[in-house]
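Each chain, letter by letter, is given below.
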Amino acid sequence: IHGHIDENFLLLHSAPNYKDQIVQAAQNPAQAKAWLNGDWDVNAGGMVDDVWDRTVHVIPDFPAKIIPRSWRITRAYDHGQSHPFAVGWWLESSGEPLKFNGIEYGRVRGDIILFSEWYGTSGEDNSGIRLSARAIAKGILDREDDLGIKGRVLPGPADTEIWSKDSRGTGRAPVDDMNELGVYFERADKTPGSRVRGWQMLRTYLEDSKSNPDGTRDKPGLFICAGNKYWLEFVPAMPRDQSNMDDVPAKYEDHLCDMTRYRLNWSIPGMWRSSF
């Protein structure tokens, strides 16, 4: 049960400067927010805590039927069996705004929105549900049908691990099983330095999501629909590796983070061609 400090009348009466003492004792503003307001949304000193703002970046869930036809829907994928896998369905705006409950979203061409996620976790720390590639592909198709986006989803970037051949010598790779069911992907950028570039791109998108003083924005931003609970749990809280401050520790549960950087590091082929 969450209780706010303002409810503790006796404490504040006996120590009226208690809030000031908390602020002075905090090591940074994020810690002060956590202690004062119960806001534990960010990991102080983390990868994106200084640019993440839930009030800006989290938007309401909305039905697929109102997604403009000029927008493109793609899926991105980080592979896993013993570890969790992560599928994300991403919207990219053409600049034609999406209107929901009187508010416009995607007003800047190139705005990216995480519409839905599927996180293959057992619920234990960094533990997957061990589905085969074929079962994952079937699950993807079932979810696209349920979401109302069947037939609109373009192949997006995926972990290059799915192109690795079976070690038993069958000559098959996970991507082969997925392709047979009609689930296609393109290779994500996993070249040297791509992780650090991806985190920097994530920071840039989050920063560019924020409006200028006049309410306008100049560059594409990143927004997350509120129902993507696992993304909201793991990505804003990304810590920095103390031995390499530009990267995330190897032991962190970063599958949704990786899926996100794959998407941000990738462009939809021909997205802005006049034929669209």
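The structure under discussion appears in the preceding block.
All of the points below concern the structure found in this document. The structure presented is a predicted model; accordingly, all values stated were derived computationally and were not measured.

Quick notes on the packing of aromatic side chains
1) Next: Considering all chains together, one arrives at nine aromatic pairs under this definition.
2) Next: Ring centres of Phe62 and Phe115 lie 5.5 Å apart, and the angle between their planes is 40°; this geometry places the pair in the tilted category. Within this pair, whereas Phe62 is found in the loop between strand 1 (58-59) and strand 2 (72-78), its partner Phe115 is found in strand 6 (residues 112-119), the two being separated by 53 residues in sequence.
3) Next: Judged by relative accessible area, Phe62 falls into the buried class, the value being 7%.
4) Next: For Phe115, a relative accessible area of 9% corresponds to the buried category.
5) Next: Ring geometry for Tyr119 against Tyr230: centres 5.3 Å apart, planes inclined by 50°, an arrangement best described as tilted. Residue Tyr119 is found in strand 6, and its partner Tyr230 is found in helix 8 (residues 229-234); the two are separated by 111 residues along the sequence.
6) Next: The side chain of Arg75 reaches across the aromatic face of Phe185, ending 5.5 Å from its centre.

A few points about the sheet that holds strand 3 (residues 86-92)
1) Next: Taken in spatial order, the seven strands line up as 1-9-6-3-2-7-8 in an open sheet, and their pairing is mixed. Among the strands making up the open sheet, the edge pair consists of strand 1 and strand 8 (186-187).
2) Next: Bridge count between strand 6 and strand 9 (residues 222-225): three bridges; the pairing is parallel. Residue Ile112 lies in a different strand from strand 9, and its bridge partner there is Leu222.
3) Next: Helix 5 (residues 133-147) contacts strand 2, strand 3, strand 6 and strand 7 (153-158) of the sheet and is inclined by roughly 130° relative to strand 6.

Definitions and cut-offs
- Residues numbered from 1 in each chain as written.
- Predicted model: local features only at pLDDT ≥ 70, side-chain atom pairs only at ≥ 80, totals over all residues.
- Heavy atoms only, no water.
- Phe/Tyr/Trp six-rings, centres within 6.5 Å; stacked < 30°, edge-to-face > 60°.
- Helix = DSSP H or I, 4+ residues; strand = E, 2+ residues; numbered from the N terminus.
- Buried < 20%, exposed > 50% of the residue type's maximum accessible area, 1.4 Å probe, protein only.
- Lys NZ or Arg CZ within 6 Å of the ring centre and 35° of its normal.
- Pairing = 2+ DSSP bridges.
- Contact = heavy atoms within 4.5 Å.
- Axes fitted to C-alpha atoms, helices over the stretch in contact; angles between N-to-C directions.

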